[in-house]
Amino acid sequence: FSAIACYPGALSAPWRLDYKGEEDFEGGIGYGMFEEFDYTKVRGQIPAIMGMGAFGVENVRTCLEHGASKVWLICRRKNLAMPR
């Protein structure tokens, strides 16, 4: 992956998760909250989005609109990636 965007879900207070090994990842890491992810950096890249709720699925589209060549959607569970 060239970038990872995290969308941990829930419409309540923002929830920032720290994952083991983040400091070793050489690509960009950004969260969907606080407008901290720069979508212009995904042009020609293959970003991975963690989260399969409406916000994660919406950001797949946004990455593609900004020129990502492919987008991976990473989910915790084995059900379909689909907003409610």
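Residues numbered from 1 in each chain as written. Predicted model: local features only at pLDDT ≥ 70, side-chain atom pairs only at ≥ 80, totals over all residues. Heavy atoms only, no water.

Caption draft 1: Layout of the environment of Gly30. Here Gly30 is to be found in strand S2 (residues 28–31). Residues Gly30 and Ile49 lie 19 residues apart in sequence; the distance between their C-alpha atoms is 9.7 Å. (Helix = DSSP H or I, 4+ residues; strand = E, 2+ residues; numbered from the N terminus.)

Caption draft 2: Spatial organisation of the packing of aromatic side chains. Summed over the entire model, instances satisfying the criterion amount to 1 aromatic pair. Note on Phe37 and Tyr39: the rings are 5.0 Å apart at their centroids and 75° apart in plane angle, and the pair reads as edge-to-face. Per residue, the accessibility class of Phe37 equals that of Tyr39, and both read buried. (Phe/Tyr/Trp six-rings, centres within 6.5 Å; stacked < 30°, edge-to-face > 60°. Buried < 20%, exposed > 50% of the residue type's maximum accessible area, 1.4 Å probe, protein only.)

Caption draft 3: Highlighting the environment of Asp38. Note that Asp38 resides in the loop between S2 and strand S3 (47–50). Residues Asp38 and Gly28, spaced 10 residues apart in sequence, show a C-alpha to C-alpha distance of 9.4 Å.

Caption draft 4: Geometry of a nonpolar patch on the surface. Residues Ile46, Trp72 and Ile74 make up a contiguous nonpolar surface patch of roughly 250 Å² in combined accessible area. By the element assignment, Ile74 lies in strand S4 (residues 72–74). Of the residues examined, Ile74 reaches a relative accessible area of 32% and is grouped as partly exposed. (Patch = residues over 30% accessible without salt bridge, like charges linked within 9 Å, V, L, I, M, F, W, Y side chains within 5 Å. Areas by Shrake-Rupley, 256 points an atom, 1.4 Å probe, with all protein chains shown as cover. Salt bridge = Lys/Arg side-chain N within 4 Å of Asp/Glu carboxyl O.)

Caption draft 5: How the structure looks around the pairing of S3. Bridge analysis of S3 against S4 gives 3 bridges, and the strand direction is parallel. Along S4, the bridge assignment pairs Ala48 with Trp72. Running through helix H1 (residues 54–65), the crossover from S3 to the neighbouring parallel element S4 is right-handed. (Pairing = 2+ DSSP bridges. Right-handed = clockwise from strand over helix to strand, strands pointing away.)

Caption draft 6: Up close: the pattern of salt bridges. All told, the structure shown has 2 salt bridges when counted by the stated rule. Among the salt bridges present, the one from Glu58 reaches Arg61, with a minimum N-O distance of 2.3 Å. You can see Glu58 and its partner Arg61 sitting in helix H1, 3 residues apart, about one turn around the helix. Judged by its relative accessible area of 35%, Glu58 is partly exposed. For Arg61, a relative accessible area of 44% corresponds to the partly exposed category.

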